Amino acid sequence: MSAFEPLREQLTQAAREFGGDVVSDVLTGLVDDVDRALREELEIFPVCHHSPASALAMVRRLREKQPKVIYLELCEDLQPLLTELRNCRLPVAVQAFATDIDGFPASWAPLSVVAPITEASAEYQAISYALETPGVELVLVDRSTDHVFQWAPKEEPEKKEHTEEGGLHGDAVGLEIGDLRPRFAELEEHLLHHGKVRHWSEWWDQYVEQPLAGADYETYRQVMVLIGSLFRRLDRGGDRMTVDEDRERYMWTRMREHLAASGADPADCLYVCGAFHAASRVEQFGLKSTVTFEISPRTGTKWLYGLIPSSHSAIEAQFGLASGSVSIAAASWAKSLTRSKLTPFQLAGQKGARKRAAKLPAPVPPGEVADRLTGFLSKPPALDELDEAELLGWSVDIVRLARRNGYLASTADAIAVFETSILLAGMRNRARPTPYDFQDAAVTCIEKDVVPGRRDVRRLCEILLGGDRVGEVGYDALPPLARDVYDRLAPLGLDLEKRTIQRALLDLNANPDLVPCSDLLWMLRYLLPSDAVRPIMGERGLGERSIQESWDVAFGKHQRSIIELGYEGVTIEQVLEQRLRRSVWDPKATAAVALAAVEDAVIFLGSRRFADELGARAVELLASERSVDDAPEVLRRIRRLMAHYRAHEPELPAWCEEFATSGYAHYCTLLPTAFVADDTGVRQVAAMLGFLFSMESLAISLGCDRAQLELAVQQSHPESPAKVALLWAARSHLGLLSQAELRARCDELLANPLVVPSFPLYIIGFVQAMEPVPALSGFVVEVISKAFGRLPDRVLLPWLPKLITALRDQAGELVPVLVREAGRTFPGTLGAVDTWVPPWSARPVAAEAAAPVASGPVAELLMGHPAACDAVAGLLGCEGSWQAPAAGGADHGAVTALLGDHPEPALAVAGLLA
């Protein structure tokens, strides 16, 4: 007969009286689950993640049983990392990371799984006991990190927003032992309402943590299995239940395999798992089960492993716990250790932990299973007496903290917080106020309408009750890349493990040994978050190096980012090269992205070979593009790169020449379409023309044909005013439209009242034309000046805001060029304005008597072929007529005398021509 038979009968009778057969089946099923778990040959230890009660029970049980094998619910491939916990300050998280994925959707990359570990957790106590006790084996039996994503739904994981400390885990998938939280809102709402609490963490602390903190092991074990069974039977199933059941099949399969291979006695083993899994009903449950479970092979994804710093707020943010609940749990753990006089287990050399002796008493032989549930469920909970000294200390300290953070708090507020805490506890049927009651009382009595500082009263209470403890990964536990970074920055004399911002001053002229540190800091600036390494003084660009630099370094706060860089390579240079290569070979990469990668490779790596490889890829991307959206970026970057190579290299790289020829042909082909396309802006077309005109001489010298550009311009027929003005500027640059004709067309536009409202758009086109045709800047000033001079105010004022807005949005970088040209055109003093005559409206001066034209071979050549001079005069807008040379010829005596006195230049020219 089972020890729980009387309890089963009692619950069955009560259920039939109040709820019928359905409730009876649920209640008796709970007892059956408890009975089944306790009768299992392999002892099952049910836990809840980051629960002080579970940690206390674990310490007691390990000292009593002293098992030889501990099976722990944690991903089996994380086991090699557990020994590195000695070199860390808790809390930290064990992490598996993958960037090169195989078998998963590409949108999931990078994959990350973390398992946070705190001192106030049963799993840490089990790990410490196993690693510090000779002859004890620790075996992780949960699914591998690869199976975590194999069994996950095939939609992209949701990205969450985190606070500064809450984002230490990033977007990693969290693994926790014993997720004891109702999985549907109705039960949680019912428990919170009748428990008179605000959130689940407070309910758990009030009705589970506190009653079980001082309970014996058998009572703790039975109650935890009962709670796990309750939440399991009330769960509505679904994908999550399917995954949990597969995990249970996985773990029982691994444990049976290990027992068969090692020959260990199940009586000397302990299985640590979540209470939810302790009440499992899968067919593989138990050592006597013969039902097999086929474990699928892992994918080809290459997983990397390491430790990253964690914090209480990061754990709360990742697992949906109430803010401050993990800090309160840590405070409860410390208080319970003092009250129970227990010595917890800890790893030797653990940072931030007190040295404690770990002497083990003689093991206690197991006793018979007895019913402890009946007594625990039937007797009222023991009410703790009010600890006035503790509550008074909290009240005084919170007022002190509030005053430091800008609140106008006083002694009266401390008294009010003290009394309100007792009042709230009484309203919630508690004899002793909990930290949650104290938080509510402090917010009620101290919080005002406006928070004066960056912390509100609730956050101050969390700091007071334990604070957001942040972990740290020790130097020996860091990956090789992170250790290399710390070693290479050692000459700066900074303590890189501090979480504060530190200032590094580098005088590179006086101390050239710091140049490698500067190079490394600039690479870290590129790879790490913006506030991890921030330059205060100094810059790094193509051909630019600072003499002195000043940096703000905050490695302690961003240790996780540095550690994850170690998953990508062995050195910073290797990681940077891989990232640049990945960016240019990405399916969405463009020529602008590739040129940016070339620039970064030159600036940070200084590798000509690698830059040439990226440049060749840029040529391929440009030739395959069917859009010109990135034309301004392409033009800006290729100009800068060519200027750098011409200044620092004997010749241009081969890829630059190929980029010029390919881009010339590419943009000539797309130019007519871009002029008429509605989705192509005038800035993009101007950038295309800028590329064609600036690269024209180089492209023609490499074999391109200028006729291709002329045909592309002649085939362009835009309709929008801005593009029409841009086309006119291009035709003027190519000699297809004289400046006099261009001026006449603009005058016609200003004289046409139907066109005047859209004239700002023409101005935008002309302003953008200063990019490909810089010589046109004077004409643009002339056009704008004529518009402001001729148009009446009733016409000018309505479209003036439109002109200013268009210039700011579409041509902001060209406005300074326009202003400089206007400064050269207009008078420099106020007094000169009254007498100033615009050069484009000056009256022609009466022609003076023509000077006699000298005769000679040159004059005879020009007179014999006047067509060339007429064409140049027409292009420049000059008027004039041909004159006959003087009959007697001109007197060249002065020139003859000069050449006679200094014959060397003439002889040198003659020798050069010969």
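Quick caveat, the model's predicted, so the values are computed rather than measured.

1. Describing the overall build of the protein chain
Logical step 1: Of the regular secondary structure elements, the protein chain holds 38 helices and 13 strands.
Logical step 2: Residue burial in the protein chain is summarised as follows: out of 914 residues, 50% are buried.
Logical step 3: Across the protein chain, contacts joining residues at least 24 apart in sequence account for 77% of those joining residues at least 6 apart.
Logical step 4: Carbon and sulfur atoms form 55% of the exposed surface of the protein chain, whose accessible area is close to 44100 Å².

2. Description of the nonpolar core
Logical step 1: Counting 204 residues, the largest nonpolar core has Leu 489, Phe 555 and Phe 659 as its most contacted members.
Logical step 2: The element that contributes the greatest number of residues to this core is helix α25 (residues 654-676), accounting for 11 residues.
Logical step 3: Once residues lying within four places of it in the same chain are set aside, the contact partners of Leu 489 are Leu 496, Cys 517, Leu 520, Leu 521, Leu 524 and Phe 555.
Logical step 4: If you look at the next biggest cluster of nonpolar residues, it comprises 24 residues, including Met 255, Leu 259, Ala 278 and Val 282.

3. Quick notes on the sheet that holds strand β13 (residues 548-553)
Logical step 1: Taken together, three strands build an open sheet; the order of strands is β11-β13-β12 and the sheet is antiparallel. For this open sheet the edge positions go to β11 (502-507) and β12 (533-537), each flanked by a neighbour on one side alone. Each strand of the sheet is rotated relative to its neighbour by a mean of 25°, with strand direction disregarded.
Logical step 2: Of the pairings in the sheet, the one linking β11 to β13 comprises six bridges and is antiparallel in character. The partner of Asp 507 across the bridge, within β13, is Gln 548.
Logical step 3: Lying on the sheet, helix α19 (residues 515-527) is in contact with β11, β12 and β13; it crosses β12 at an angle near 120°.

4. Some points on the pattern of salt bridges
Logical step 1: Per the counting criterion, the structure on display carries 47 salt bridges.
Logical step 2: We note a salt bridge from Arg 824 to Glu 821, for which the minimum N-O separation is 2.5 Å. In this pair, Arg 824 and Glu 821 are both assigned in helix α34 (residues 815-825), three residues apart and thus about one turn of the helix distant.
Logical step 3: The exposure class of Arg 824 is exposed, given its relative accessible area of 60%.
Logical step 4: With a relative accessible area of 13%, Glu 821 lands in the buried category.
Logical step 5: Connected via shared salt-bridge partners are Glu 599, Glu 633, Arg 636, Arg 637 and Arg 640.

5. Some details on the environment of Thr 669
Logical step 1: Along the chain, the position of Thr 669 falls in helix α25.
Logical step 2: Note: C-alpha distance between Thr 669 and Gln 708 (39 residues apart in sequence) is 8.5 Å.
Logical step 3: Only 2.8 Å separates the side chain of Thr 669 from the backbone oxygen of Ala 665, close enough to count as a polar contact.

6. Description of the pairing of strand β8 (residues 269-274)
Logical step 1: Within β8, six of the six residues are buried, leaving the element largely enclosed by the surrounding structure.
Logical step 2: Pairing between strand β1 (residues 43-47) and β8: five bridges, direction parallel. Paired with Phe 45 across the bridge in β8 is Val 272.
Logical step 3: Of the strand pairs in this sheet, strand β2 (residues 69-75) and β8 are connected by four bridges, and their pairing is parallel. Residue pairing for β8: Ile 70 is matched across the bridge by Leu 270.

7. Quick look at the sheet that holds β8
Logical step 1: Reading across from one edge, β1-β8-β2-β6 is the order of the four strands in this open sheet, with parallel pairing throughout. Strands with a single pairing partner mark the edges of an open sheet, and in this sheet they are β1 and β6 (137-142). Pairwise comparison of adjacent strand axes, ignoring direction, gives a mean angle of 30° for this sheet.
Logical step 2: Running at roughly 160° to β1, helix α3 (residues 52-65) makes contact with β1, β2 and β8 of the sheet.
Logical step 3: Across the face of the sheet, helix α4 (residues 122-132) comes into contact with β1, β2 and β6 while running at roughly 135° to β2.

8. Side note on the side chain of Ser 51
Logical step 1: Summarising the element assignment, Ser 51 is placed in the loop between β1 and α3.
Logical step 2: Apart from residues lying up to four places away in sequence, Ser 51 is in contact with Ala 120, Trp 204 and Glu 209.

9. A short note on the pairing of β2
Logical step 1: Counting buried positions along β2 gives seven out of seven residues, so the element sits mostly inside the fold.
Logical step 2: Note that β2 and β6 share five bridges and pair parallel. Following the sheet pairing, Ile 70 is matched in β6 by Leu 138.

10. Considerations on helix α11 (residues 312-319)
Within an α-helix, residues lying three or four positions from one another point in the same direction, as the helix has 3.6 residues per turn.
Logical step 1: Burial analysis of α11 places seven of its eight residues in the buried class, the great majority of the element.
Logical step 2: If you check which residues of α11 are buried, you get His 312, Ser 313, Ala 314, Ile 315, Glu 316, Gln 318 and Phe 319.
Logical step 3: A positive backbone phi angle near 70° is found at Gly 320, which sits one or two residues after α11.

11. Notes on the packing of helix α7 (residues 200-213) against helix α8 (residues 217-234)
Logical step 1: Closest axis-to-axis distance for the α7/α8 pair is 10 Å, and the angle between their directions is 150°. Considered as vectors, α7 and α8 are oriented roughly antiparallel to each other. In this structure, the crossing between α7 and α8 has a hand that is right-handed. For the pair α7 and α8, contact is made by Trp 200, Trp 204, Val 208 and Leu 212 and by Tyr 220, Val 223, Met 224, Ile 227 and Phe 231, respectively.
Logical step 2: Per-class residue counts for the contact of α7 with α8 are nine nonpolar, no polar and no charged.

12. Digging into the environment of Glu 649
Logical step 1: Residue placement: Glu 649 occurs in the loop between α24 (631-648) and α25.
Logical step 2: Judged by its relative accessible area of 28%, Glu 649 is partly exposed.
Logical step 3: Ignoring any residue separated from it by four or fewer positions in sequence, one finds Glu 649 in contact with Arg 608 and His 644.

13. Side note on helix α22 (residues 591-605)
Logical step 1: When the terminal C-alpha atoms of α22 are compared, their 20 Å separation across 15 residues agrees well with the 21 Å that a helix rising 1.5 Å per residue should span.
Logical step 2: In terms of residue burial, α22 counts as a mostly covered element, since 13 of its 15 residues are buried.

Cut-offs used in this document
- Residues numbered from 1 in each chain as written.
- Predicted model: local features only at pLDDT ≥ 70, side-chain atom pairs only at ≥ 80, totals over all residues.
- Heavy atoms only, no water.
- Helix = DSSP H or I, 4+ residues; strand = E, 2+ residues; numbered from the N terminus.
- Buried < 20%, exposed > 50% of the residue type's maximum accessible area, 1.4 Å probe, protein only.
- Contact = heavy atoms within 4.5 Å.
- Areas by Shrake-Rupley, 256 points an atom, 1.4 Å probe, with all protein chains shown as cover.
- Core = buried A, V, L, I, M, F, W, Y, C linked by side-chain atoms within 4.5 Å.
- Pairing = 2+ DSSP bridges.
- Axes fitted to C-alpha atoms, helices over the stretch in contact; angles between N-to-C directions.
- Salt bridge = Lys/Arg side-chain N within 4 Å of Asp/Glu carboxyl O.
- Polar contact = N/O pair within 3.5 Å; in protein donor to acceptor, adjacent residues only side chain to side chain.
- Parallel < 35°, antiparallel > 145°, perpendicular 65-115°, else oblique.
- Left-handed = near helix turned anticlockwise from the far one by under 90°.
- Nonpolar A, V, L, I, M, F, W, Y, C, P; charged D, E, K, R; others polar.
- Expected span 1.5 Å × (residues − 1).

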